[in-house]
Amino acid sequence: MTPPADDIPWWRRAVFYQVYPRSFADSDGDGVGDLDGIRAHLADLAWLGVDALWISPFFRSPMADFGYDVSDYCDVDPLFGDLATFDALVDEAHRLGLRVVIDWVPNHTSDQHPWFADAASSRDSAHRDWYVWRDPEPDGSPPNNWVAAFDLTAPAWTFHEPTGQWYLHLFESAQPDLNWDEPAVEAAMLDTLRFWLDRGVDGFRADVVHGIGKDPALPDDPPDTAGIPHCALNDQPVTHERLRTIRTLLDGYPGERMMVGEVFLLSTDAVATYYGHDDELHLAFNFPPLFAPWLADRWARCIDDARRALDPRGAWPTWVLSNHDNVRHRSRYDRAAGRAGEDAATTARRSEPRARAAAVLLLTLRGSPFVYQGDELGLEDADVPEERRVDPGGRDGCRAPIPWDGSPDHGWPTAPGVSTWLPFPPGADARNRAALAADPGSILHLYRRALSVRRATPALVLGDLEVLPSPDGTLAYRRRLDGDACTVLVNFTGEEVDVTAPELVGAAVLLASDDPAPASGWSGTLGPDQAVVLHG
Ligand code: TEU
């Protein structure tokens, strides 16, 4: 018998919702979202039925990477509020039964962090070894061939004229990498975890956490990896030791504190090792499914890869379709669907069914799903004109502000002459939270129904997963827990498909991606881009 659900840690049962604070909701009219804006909408998230929030960085930052360049880990940037605002947000979330997970950026700081300012002040400063400095090669070139993220033509090194050495940065030059081989760095960073644990957070999403261990010899990346940023290649044994220390710290706190790591490695097998043997990360993001196109056989492979890599370790999978770094899945699947000669409006009409079916897939696979803010509204990426682009990584489109209503400012009242930091996504006059909340047939209500079916069906939360044979272009899997089972069918094609499984015909339909009130007995036919959850 499976242990009762209450004995399973909350993060294995939870559906997480990612809040990107700049773009979620604004309380003070400066066109940038903030913590009070989040607090004002917590009840909406509780209504939706998610269990936990992951809030992207709100710490003091010069915003060269919109908060992923931290200049003080233990304070809130005034743009977002202050520590008291944060405490109020956590209290209110907890009161509503929502857990709060915050971002932790351990691989690098801002170049404006006092640690780096001191490190750069002289070669023998107290913090010099907190970062990774190397002499130039004899010809003056950088110490190795590592490539930074974002601009794949740029080295992961910047030459610091005043002290005559290069410093390492896997991202922007404004984000120098910390040197975790220096024990004082590890101690200081563990203190930043304690700071927020003491304030009551339920856990952390650890940014590029596989970066905290580097080969001290800093060898060149192999020539066959040319064009891949070093952050996608860095995979060192010492990181696992450091994660075990972090795990011990987290597990030493009462109340099941957790860490989900962003392990930006391109294979599920590599990601799996960062769970250790239940003594490293509690959860890790697995990106191959995020990069997979909307094709049944590709998804079957992702599911199989996750099972093969994670099950033997007892590691619990995660599923993510969208986040603040990638084109939203609705826009991606749309593009993949573009048929020769089809006009854009027709493609857009066809893409909502696909986003709906994807929601059912995301929320019924075995593992903890992560919903990115706006997924539940079926948002597409904003089309950001050249003059409004601000991100060094070209990721503005998926970071468009959430349209809360159909008014001209979409619930982001700004002073005259001030606009939201990015334009709204397409169709916000009709596709906004208020309009979709008023329409029981909307994708927002589909998410809410799916979350409620999930909560009421332990097999969907904790059950095992068996892939069943199904016609080409479709995926079928059964989730089973103790005596209970349900079957999920997803049609990845734009055509109707008959599923020749007599035992399923007539089964109770718990959820249909396209219909708020599906007929009680299943017909045996999947509509184009339709997903259903059947009992049995
Ligand atoms: O992202 C790390 C990362 O490796 C990728 O998401 C990827 O390199 C990038 O998006 C390529 O377009 C994390 C954060 O999620 C991201 O927002 C930060 O910019 C980055 O770390 C640096 O902190």
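Definitions and limits used
- Residues numbered from 1 in each chain as written.
- Predicted model: local features only at pLDDT ≥ 70, side-chain atom pairs only at ≥ 80, totals over all residues.
- Heavy atoms only, no water.
- Helix = DSSP H or I, 4+ residues; strand = E, 2+ residues; numbered from the N terminus.
- Polar contact = N/O pair within 3.5 Å; in protein donor to acceptor, adjacent residues only side chain to side chain.
- Pairing = 2+ DSSP bridges.
- Axes fitted to C-alpha atoms, helices over the stretch in contact; angles between N-to-C directions.
- Contact = heavy atoms within 4.5 Å.
- Near = heavy atom within 4 Å.
- Areas by Shrake-Rupley, 256 points an atom, 1.4 Å probe, with all protein chains shown as cover.
- Nonpolar A, V, L, I, M, F, W, Y, C, P; charged D, E, K, R; others polar.
- Parallel < 35°, antiparallel > 145°, perpendicular 65-115°, else oblique.
- Left-handed = near helix turned anticlockwise from the far one by under 90°.
- Phe/Tyr/Trp six-rings, centres within 6.5 Å; stacked < 30°, edge-to-face > 60°.
- Buried < 20%, exposed > 50% of the residue type's maximum accessible area, 1.4 Å probe, protein only.
- Lys NZ or Arg CZ within 6 Å of the ring centre and 35° of its normal.

Moving on to the side chain of Asp529. Within the secondary structure, Asp529 sits in the loop between β19 (525-526) and β20 (531-535). Among the polar contacts made by the side chain of Asp529, one reaches the side chain of Trp294 at a distance of 3.1 Å.

On to the sheet that holds strand β18 (residues 509-512), then. Spatial ordering of the open sheet is given by β14-β15-β16-β20-β18, a layout of five strands whose pairing is antiparallel. What marks the edges here is a single partner per strand, and that holds for β14 (464-468) and β18. The mean inter-strand angle of the sheet, taken between neighbouring strand axes irrespective of direction, is 20°. Alignment of strand β15 (residues 474-481) against strand β16 (residues 484-491), held across eight bridges, turns out to be antiparallel. Residue pairing for β16: Tyr477 is matched across the bridge by Val488. The sheet strands contacting helix α11 (residues 296-310) are β14 and β15, and the helix crosses β15 at an angle near 35°.

Before going further, it helps to spend a moment on the site of the ligand. Neighbouring the ligand are 17 residues; Asp65, His108, Asp207, His324 and Asp325 lie closest to it. Take Glu262: an N or O atom from its side chain is 3.1 Å from an oxygen atom of the ligand. Asp325 is positioned with one of its side-chain polar atoms (N or O) 2.5 Å from an oxygen atom of the ligand. Protein chains shield 91% of the accessible area of the ligand, which is 490 Å² for the free molecule. Partitioning the shell around the ligand into residue classes produces seven nonpolar, three polar and seven charged.

With that settled, consider the packing of helix α7 (residues 183-198) against helix α8 (residues 237-251). At a minimum axis separation of 11 Å, α7 and α8 run at an interaxial angle of 30°. In this view, α7 runs roughly parallel relative to α8, as classed from their interaxial angle. Where α7 crosses over α8, the two elements pack in a sense that is right-handed. Of the residues in α8, those touching α7 at Glu186, Leu190, Leu193, Arg194 and Leu197 are Arg242, Thr245, Ile246, Leu249 and Leu250. Here the contact of α7 with α8 is composed, by residue class, of six nonpolar, one polar and three charged.

Attention now goes to the packing of aromatic side chains. Enumeration over the complete set of coordinates arrives at 32 aromatic pairs. Their ring planes at 75° and their centres at 6.2 Å tell us that Tyr17 and Phe24 sit as a pair that is edge-to-face. The same class applies to Tyr17 as to Phe24, namely buried. Geometrically, the ring pair formed by Phe285 and Phe287 is tilted, given 5.9 Å between the ring centres and 45° between the ring planes. The class of Phe285 is buried, set by a relative accessible area of 2%. Within the aromatic cluster, the residues linked to one another by ring pairs are Trp10, Phe16, Trp54, Phe264, Phe285, Phe287, Phe291 and Phe370. Directly above the ring of Trp421 sits Arg22, whose terminal nitrogen or CZ lies 4.2 Å from the centroid.

Below, the discussion takes up the pairing of strand β2 (residues 52-55). On a regular strand, one side chain projects to one face of the sheet and the next to the other, so that they alternate. By the alternation rule, side chains of β2 split into Ala52 and Trp54 and Leu53 and Ile55, which are all buried. Looking at chain direction, β2 and strand β5 (residues 99-104) are connected through four bridges and run parallel. The residue of β5 that forms the bridge with Trp54 is Val101.

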